[in-house]
Every structure is written in structure tokens, then in C-alpha cells.
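# Close look at the chain arrangement
Take a look at the letters that make up each chain.
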Amino acid sequence: MLIQVINGTTREGRFSERIAHWVLEFGRQYEGVEFELVDLRDHPLPFFDGAAPMWTPRQYADEAVARFGRTVDRADGFIFLTAEYNHGYSAVLKNALDWTYAEWHRKPASFVGWGGVGGARAIEQLRQVTVEFEMAPLRHAVHIAPEIYLPARDQADPTDTAVFAPAEPFLKLLADDLLWWAGALRAARTAS
Ligand SMILES: Cc1cc2nc3c(=O)[nH]c(=O)nc-3n(C[C@H](O)[C@H](O)[C@H](O)COP(=O)(O)O)c2cc1C
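Residues numbered from 1 in each chain as written. Predicted model: local features only at pLDDT ≥ 70, side-chain atom pairs only at ≥ 80, totals over all residues. Heavy atoms only, no water.

In the nomenclature of an unreviewed UniProt entry, the chain is known as NADPH-dependent FMN reductase-like domain-containing protein of Catellatospora coxensis.

### What to know about the UniProt feature "domain: NADPH-dependent FMN reductase-like" (unreviewed entry) in the chain
Going by this rule: UniProt positions are given in the numbering used here, feature names are shortened, and annotations may be inferred rather than shown by experiment. Each helix is a run of H or I in the DSSP string that is no shorter than four residues. Each strand is a run of E no shorter than two, and both are numbered from the N terminus.
UniProt marks residues 1–144 with the feature "domain: NADPH-dependent FMN reductase-like" (unreviewed entry), using the numbering shown here. Here residues 1–144 runs as 31% helix and 24% strand, with 26 Å between its end C-alpha atoms.

### Side note on the packing of helix α1 (residues 16–27) against helix α6 (residues 168–191)
Threshold: The convention used is that axes are lines fitted to C-alpha atoms, helices contributing only their stretch in contact, and that angles between N-to-C directions extend from 0 to 180 degrees. Reported orientations rely on four angle classes, namely roughly parallel under 35 degrees, roughly antiparallel over 145, roughly perpendicular from 65 to 115, and oblique for the rest. Handedness of a crossing is defined here by the sense of rotation of the near helix relative to the far one, left-handed for an anticlockwise turn of less than a right angle and right-handed for a clockwise turn. The contact criterion used is simple: two residues touch if any of their non-hydrogen atoms lie within 4.5 Å.
Closest axis-to-axis distance for the α1/α6 pair is 11 Å, and the angle between their directions is 60°. Considering their axes alone, α1 and α6 lie oblique with respect to each other. Relative to α6, α1 is oriented so that their crossing is right-handed. Residues Trp22, Val23 and Phe26 of α1 form the contact with α6, whose own contacting residues are Glu168, Leu171, Lys172 and Ala175.

### Topic: the pattern of salt bridges
Opposite charge on two side chains makes pairing possible when the charged atoms of those side chains draw close. Short version of the rule: When a carboxyl oxygen of Asp or Glu is within 4 Å of a side-chain nitrogen of Lys or Arg, the pair counts as a salt bridge. Accessible area is worked out with a 1.4 Å probe on protein chains only. A residue is then buried under 20% of its type maximum, exposed over 50%, and partly exposed in between.
For the coordinates displayed, the defined rule picks out 14 salt bridges. Ionic pairing is found between glutamate 17 and arginine 41, a salt bridge with its closest N-O pair at 3.5 Å. Here glutamate 17, found in helix α1, pairs with arginine 41, found in the loop between β2 (34–39) and α2 (63–73); they are 24 residues apart in sequence, far enough to count as distant. Judged by relative accessible area, which is 37%, arginine 41 ranks as partly exposed. When the shortest N-O distance is used, the salt bridge between aspartate 176 and lysine 172 registers 2.7 Å. With a gap of four residues between them, aspartate 176 and lysine 172 both fall in helix α6, about one helical turn apart. By relative accessible area, which is 35% here, aspartate 176 ends up partly exposed. Beyond isolated ion pairs, a larger network of salt bridges with shared partners links Arg14, Glu17, Asp39 and Arg41.

### Considerations on the packing of aromatic side chains
Condition: Only Phe, Tyr and Trp rings take part, Trp by its six-membered ring, and two of them pair if their centres are within 6.5 Å. Stacked means planes under 30 degrees apart, edge-to-face means over 60, and tilted covers everything else.
Per the stated rule, a full pass over the model turns up 15 aromatic pairs. Relative to phenylalanine 35, the ring of tyrosine 30 lies with its centre 5.9 Å away and its plane at 35°, an arrangement referred to as tilted. Each member of the pair, tyrosine 30 together with phenylalanine 35, is buried.

### Describing the site of the ligand
Rule in force here: Near is defined per residue: the residue qualifies when any heavy atom it owns lies within 4 Å of the molecule or strand. A 3.5 Å cut-off defines polar contacts: any pair of N or O atoms within that distance qualifies, except that in protein one atom must be a possible hydrogen donor and the other a possible acceptor, and neighbouring residues in sequence count only when both atoms are side-chain atoms. Residue burial considers only the protein chains on display, and all accessible areas are found by Shrake-Rupley using a 1.4 Å probe. Put simply, Ala, Val, Leu, Ile, Met, Phe, Trp, Tyr, Cys and Pro go in the nonpolar bin, Asp, Glu, Lys and Arg in the charged bin, and everything else, Gly too, in the polar bin.
As a matter of local geometry, the ligand sits amid 15 residues, with Arg11, Phe15, Tyr85, Gly116 and Tyr149 nearest to it. A distance of 3.1 Å separates an oxygen atom of the ligand from a polar atom in the backbone of serine 16. One nitrogen or oxygen atom from the side chain of tryptophan 114 is found 2.9 Å from an oxygen atom belonging to the ligand. Considered on its own, the ligand offers 610 Å² of accessible surface; in the complex 73% of this is hidden by protein. Its residues placed into classes, the shell around the ligand shows five nonpolar, six polar and four charged.

Right under this line is the structure:
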């Protein structure tokens, strides 16, 4: 089982790296499941200007898009890590999504957000968009509110995950539920 952790921010000094580290460390407890980081910094893509991928599935415009599409294609489920920029999720994430389509189909999507309201508005937007990709957006999410975000952002050691301990029960709920859906939908995809 392969769960991809999609880091949706790329700016200098981003907080998302701390969240990614925490989620990936947490994932190590699940035997038989690989949690893999997909960092959009490693997938610099042009602004979307191609043919609609929903009509041209897996016909990639260039090698960077192909590498991103083939990466997503391998996954059984996703954890989107999302900031909130002006009450929405990042443009770089939307751009990456728009270059692809079928690669996400019939796979579950879950969300970890941060910010003033724990990334809630960005996550709600992402839920709407993932439906169009025929993903199954899940109820459980982790909202990192300022009580955790601020000390986590300011701590010297970015790899010290103790600051996230109060959010860990919510991450467990998310992961357990995601793995149930990922297994069920993988079996169904294989059967059909
Ligand atoms: C352009 C911009 C817009 C932002 N807008 C919001 C917002 O609408 N709501 C919010 O809670 N935080 C907002 N913030 C603060 C972010 O939550 C905070 O900077 C967070 O660390 C962003 O994630 P990142 O560091 O991984 O990019 C904004 C930050 C930036 C840079």
C-alpha cells in the first residue's frame, strides 16, 4: 500500500516541511504501508496551458509533467498538506492538479491544514476540487491551529515533532480511516 503525502507549498521558509516531517514520521508505525513524500518543489511545472487531461489521459505535455503524473499514478491514497493563502489553497497545488486527472481516480484523499483556522477553508476548497478528480475526499482531517502552529513554527529544531503531540490523535483517526479506504478502493480498482 502506498500513501503519498503531497506537500502543497513551495515558498522559501515554508512551514509545510515541519508538517511533512511529522506526518511521515507518524506513518512509520504502519506495517506494510509506505508513506512517500511528494514535494511539489521536486516537481516544478509550467503554468497549465495544455489540452484538458480529462480528455487526454496520461498523454503528457513534457517530461516534468510525465514524471509528476507517473508518480501520482503509483499511489493508493493521498494526504494533502495544505496552507491557506488568502482563504484558499496554494496556486502551485492547483496548477499541479490541473496537469493531471485520471492518475487520482477512485483513490481516497485526506487533508492536513494549518493557519488561523487550521487551514479549514483551504481544506474545504480542496474537498470540492478532489471530487472533480473522482477522488474520495474523507471526513477526517487535521487542523493545526495557532496554539500548535505558532510554537511549531518558532521552535529551533524543525525535526522535533513533540509540539504536534496534541494533534496526534486526529492524525491517527485520519490515517486509520485513509488506510481503510485505500485498501477497499485498491481492491475494487483491481477487481474492475
Ligand atoms: C500569501 C499568503 C496569504 C496568507 N493567507 C492566509 C489566510 O488566508 N489564512 C491563514 O490562516 N493564513 C494565511 N497566511 C499565513 C499562512 O497560514 C502561513 O504563512 C503558513 O506558514 C503558510 O504555509 P507555508 O509556510 O507552508 O507556506 C498567508 C500567508 C501567505 C504567504
